[in-house]
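Spelled out, the chains give:
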Protein chains: 2
Amino acid sequence: MKPIIPIILSGGAGSRLWPLSTELKPKQFHKLASERTMFAETLERVVTGDDVAFGVPMVVCGARHETQVLLELDASGSSHAKLVLEPMARNTAPALAAAALVQAEIDPDALMLVLPADHVIERPLALRAACLAASEAAQNGLIVTFAIVPTGPEIGYGYIKTGAPIGDGVYKVAAFREKPDLATAQAYVNSGEYAWNAGIFLFRASALIAELDQLAPEILAAARLAVKLARRAGNSIHLDAEAFSGASSKSIDYAVMESTENAAVVPVDLGWSDVGSYATLWEIGQKDSNGNVTFGTTALFDTTNCLAQSHTLPVALIGVSDLVVVVSESGILVTSRERAQDVRLASEAFK
Amino acid sequence: MKPIIPIILSGGAGSRLWPLSTELKPKQFHKLASERTMFAETLERVVTGDDVAFGVPMVVCGARHETQVLLELDASGSSHAKLVLEPMARNTAPALAAAALVQAEIDPDALMLVLPADHVIERPLALRAACLAASEAAQNGLIVTFAIVPTGPEIGYGYIKTGAPIGDGVYKVAAFREKPDLATAQAYVNSGEYAWNAGIFLFRASALIAELDQLAPEILAAARLAVKLARRAGNSIHLDAEAFSGASSKSIDYAVMESTENAAVVPVDLGWSDVGSYATLWEIGQKDSNGNVTFGTTALFDTTNCLAQSHTLPVALIGVSDLVVVVSESGILVTSRERAQDVRLASEAFK
């Protein structure tokens, strides 16, 4: 089997995680769930091992984050990676169209593993095993997605209905529904037949291009022009701004996954989280005997069930419970765990 | 009447107010209770006006804080002030001995108004009026202290028992008891006959020297030698380290006030606080309609009865109550109002 090409999607803004995540330095460039950045953790998942061979990674990111990505790549010993730089954010369909077109220049039949740079995966070995399980279906031209057992009626995710088996642990996608309403999401979860789409995909470059040609031809055309007119320097490909701006801003889930007939799914227990709020970060975090999750320089006294995080200044909590305290070079957030989803209030107040 | 010489005592360490107050930058150099530093607020109280004439101030401070004091003096237009620099902290008796000896070189009969640099006085006009009321007694050689109506059995203060009147609003001190135990403090408060010593004094330089000669001769001798051997440069007097270290570390309250027969007291409603904890800062602070006290760049949402302070990074509070949140260049403190007296835990943890 040829090496799988990792495609690191690093275009997210992570506005739900102020003060860590900002437009200038979004979530993936922070030490969010460990003592390493989420970007570094993501790269670590696709190092070649005895189980799976990975090729040179390709990173798709905003042009304004080029320097941060280069620093991350250097620090991870991946300075040979290819960069596809977006002149503006256009969501995942145009981003993946451009990545597939760039990959197709070299080898249109190569398998591409799409990994968002800002997710937590506690069991990376399970991801690698799932790649192997999915590779035959992907080589056969299917868009393979990895499905997570839902823990609740979360309305921000795509829901995948598993169909007939087509291989060992691989199933046809019977239905794909992006961001359902709450009642529908609850019905899906109750049925036991649906799983969450984690935004992780495996496919042939040529297969995705064929799907886009069928289902989102204007996005493919805009991406094709943006790649053709791109300025290339070293490993960096600066997509043409005027051409790329012509692509509509659409996720791959809406543009392809909801409509395609050619999708497969591999259910896998990844220990996955997209860390959409600090409450989630507390839930998935390693807790001490008082239920506290801490990162960085913290000192806690008579404190229970708190999340405390600072990689800059020391932070002390004394006699408090159920709080989220996050410190960054942009500011400080103090909130209750149950109000952690409201941090946009803060980021907007200080804009 | 000759101008009164303000003596600004700026030697305190304020270890109960981490992370604002640190050894390198103690409490008085911070914007604690307003948008100006406590030092600047203190200087503002002794500007000459139609009511009282003040002379050139003298600042007694640790040698390591000379630069910060000079910056404060410059910013307040008081760069002509005299500095008496302590090579090491020796509490207020040696500090005031040195200040009185330095003043006596110029005019031993000048009245000196001693003001700690790290107290809040909400009614500075009352202080000035009290100085006028006290001046005759001080000129007659008494050590005049200003007394505050106690709000509770606080054990950290000196308690003054008011004696016979000797002038308009001026009384002999019948008894002075520094830092009583809780039961005694409660009895004092219940009696209605005692008031707190605020650490603010008015006296003739020569009168304090005479008291010290009587009651604490070794402190006076050490201070005299430290002044004699001092290195003088511009307005700064660097007390001799070896000589000054020979003075025992004692407060003026223990060294003189508890024993002297020559003390008077002026009861005055200053709106005084020594801001011994962040809980106090919340109590004396200007509250918004939700009971919050804020300083600096803060944003509060659904938050009640909190103290939030940051003059560096923006700080956001969402859905919390009864917290103290303080941000400085040294660190971040998050505690409940009722645990605010335990901040030493934090400062020691990060030492």
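Everything here concerns the structure above.
Residues numbered from 1 in each chain as written. Chains lettered and ligands numbered in written order. Predicted model: local features only at pLDDT ≥ 70, side-chain atom pairs only at ≥ 80, totals over all residues. Heavy atoms only, no water.

Q: When you look at the overall build of chain A in this model, what are you seeing that I'm missing?
A: Helix and strand counts for chain A come out as eleven helices and 17 strands. A compact globule built from 351 residues should have a C-alpha radius of gyration of about 20 Å, and chain A, at 20 Å, falls within 12% of that. Principal-axis analysis of the C-alpha atoms places the extent of chain A at approximately 60 × 50 × 40 Å. Burial statistics for chain A: of 351 residues in total, 56% are counted as buried. When the accessible area of chain A is evaluated, it comes to approximately 14000 Å², of which 50% is carbon and sulfur surface. (Helix = DSSP H or I, 4+ residues; strand = E, 2+ residues; numbered from the N terminus. Rg over C-alpha atoms; globule rule 2.2 N^0.38 Å. Buried < 20%, exposed > 50% of the residue type's maximum accessible area, 1.4 Å probe, protein only. Areas by Shrake-Rupley, 256 points an atom, 1.4 Å probe, with all protein chains shown as cover.)

Q: Looking at this model, I keep getting lost on the interface of chain B and chain A. Mind explaining?
A: Interfaces are often described in size by the accessible area the parts lose on coming together. Contact with chain B, which involves 33 residues of that partner, is made by 33 residues of chain A. Overall, the association of chain B and chain A removes approximately 2400 Å² of surface from exposure, summing both partners, and the carbon and sulfur fraction of that is 73%. The largest per-residue losses of area from chain B upon contact with chain A belong to B:Ile318, B:Ile332 and B:Val334, which jointly make up 27% of the total buried on that side. One can count two salt bridges joining chain B with chain A. At the boundary of chain B and chain A, one finds twelve residue pairs in polar contact (both at pLDDT 80 or more). Looking at the side of chain B that touches chain A residue by residue, the class counts come to 21 nonpolar, eight polar and four charged. Here strand β15 (residues 307-318) of chain A pairs with strand β17 (residues 331-336) of chain B via four bridges, running parallel. (Contact = heavy atoms within 4.5 Å. Buried area = accessible area lost by both parts, 1.4 Å probe. Salt bridge = Lys/Arg side-chain N within 4 Å of Asp/Glu carboxyl O. Polar contact = N/O pair within 3.5 Å; in protein donor to acceptor, adjacent residues only side chain to side chain. Nonpolar A, V, L, I, M, F, W, Y, C, P; charged D, E, K, R; others polar. Pairing = 2+ DSSP bridges.)

Q: Which parts of the structure should I look at to understand unusual backbone geometry?
A: When glycine is set aside, most residues are seen to have a negative phi, and most peptide bonds are trans. The omega angle of the peptide bond from A:Trp18 to A:Pro19 is 5°, so this bond is cis rather than trans. Even without being glycine, B:Asn91 reaches a positive phi, approximately 65°. Relative to the helices and strands, B:Asn91 is located in the loop between β3 (82-86) and α3 (92-106). By relative accessible area, which is 38% here, B:Asn91 ends up partly exposed. Despite not being glycine, B:Lys179 shows a phi value in the positive range, around 45°. Topologically, B:Lys179 is positioned in the loop between β8 (170-178) and α5 (182-191).

Q: Quick question: what am I supposed to make of the environment of A:Lys25 here?
A: Residues and elements named next belong to chain A. Mapped onto the secondary structure, Lys25 falls in the loop between β1 (5-10) and α1 (38-44). When the C-alpha positions of Lys25 and Leu345 are compared, they lie 19 Å apart, and in sequence the two are 320 residues distant. Non-local contacts of Lys25, meaning those with residues more than four positions away in its chain, are made with Leu20, His30, Gln68 and Glu329.

Q: I'm lost on the relation of the copies chain B and chain A in this one. Help?
A: Copies of the same chain, two in number, are related to each other by a rotation about an axis and a translation along it. Rotating chain B by 180° about the axis while translating it 0.0 Å along that axis superimposes it on chain A, leaving an RMSD of 0.0 Å. This pairing of chains is accounted for by a two-fold axis. In this assembly, 100% of the residues forming the interface of chain B have copies in chain A that are likewise at the interface, indicating an isologous arrangement. (Least-squares fit on C-alpha atoms with pLDDT ≥ 70 in both.)

Q: Would you mind going over the pattern of salt bridges with me for this structure?
A: A side chain of one charge can pair with a side chain of the opposite charge when the charged atoms of the two come close. This structure, assessed with the given rule, holds 30 salt bridges over all chains. Of the charged contacts, one joins B:Asp269 and B:Arg123 as a salt bridge, the two residues approaching to 2.7 Å between their closest N and O atoms. You can see B:Asp269 sitting in the loop between β12 (263-267) and β13 (272-273) and its partner B:Arg123 sitting in the loop between β5 (120-121) and α4 (124-139), a full 146 residues away along the chain. Classification of B:Asp269 as exposed rests on a relative accessible area of 56%. What makes B:Arg123 partly exposed here is its relative accessible area of 35%. One salt-bridge network, in which partners are shared between bridges, spans A:Arg36, A:Glu41 and A:Glu44.

Q: Before we go on, may I ask you to explain the packing of aromatic side chains in this structure?
A: Centre distance and the angle of the planes are the two values used to describe a pair of aromatic rings. Enumeration according to the criterion identifies 14 aromatic pairs over all chains in this entry. Seen from their ring centres, A:Tyr188 and A:Tyr194 are 3.8 Å apart, and the 10° between their planes marks the pair as stacked. Grouping residues by exposure puts A:Tyr188 and A:Tyr194 together as buried. Taken together, A:Tyr157, A:Trp196 and A:Trp272 form an aromatic cluster joined through their ring pairs. Cation over ring: B:Lys287 sits above B:Trp282, and NZ or CZ is 4.6 Å from the ring centre. The ring centre of B:Trp282 lies 3.5 Å from the NZ or CZ of B:Arg337, which sits over that ring. (Phe/Tyr/Trp six-rings, centres within 6.5 Å; stacked < 30°, edge-to-face > 60°. Lys NZ or Arg CZ within 6 Å of the ring centre and 35° of its normal.)

Q: Honestly, the pairing of strand β2 (residues 58-62) of chain A in this entry has me stumped. Any pointers?
A: Every other side chain in a regular strand lies on the same face of the sheet, so the side chains alternate between the two faces. All names here are of chain A. Within β2, five of the five residues are buried, which leaves the element mostly enclosed by the surrounding structure. In the sheet, β1 pairs with β2 via four bridges, with the strands oriented parallel. Across the sheet, Ser10 pairs through a bridge with Cys61, a residue of β2. As paired elements, β2 and strand β3 (residues 82-86) share five bridges and run parallel to each other. Bridge pairing links Cys61 to Leu85 in β3. Read from β2 through helix α2 (residues 66-75) to β3, the crossover connection turns out right-handed. (Right-handed = clockwise from strand over helix to strand, strands pointing away.)

Q: For this particular structure, what's the right way to read α2(A)?
A: Count 3.6 residues to each turn of an α-helix, and residues three or four apart come out pointing the same way. Residue and element names in this part refer to chain A. Listing the buried residues of α2 in full gives Glu66, Val69, Glu72 and Leu73. Here the buried residues of α2 occupy an arc of 125° about the axis, which is enough to place them on one side. Turned more than 90 degrees off the buried face of α2, the exposed positions are Thr67, Leu71, Asp74 and Ala75. For α2, the elements touching its buried residues are β1, α1, β2, β3 and β11 (236-238). One or two residues past the end of α2 sits Gly77, with phi positive at roughly 65°. (Arc of directions from axis to C-beta.)

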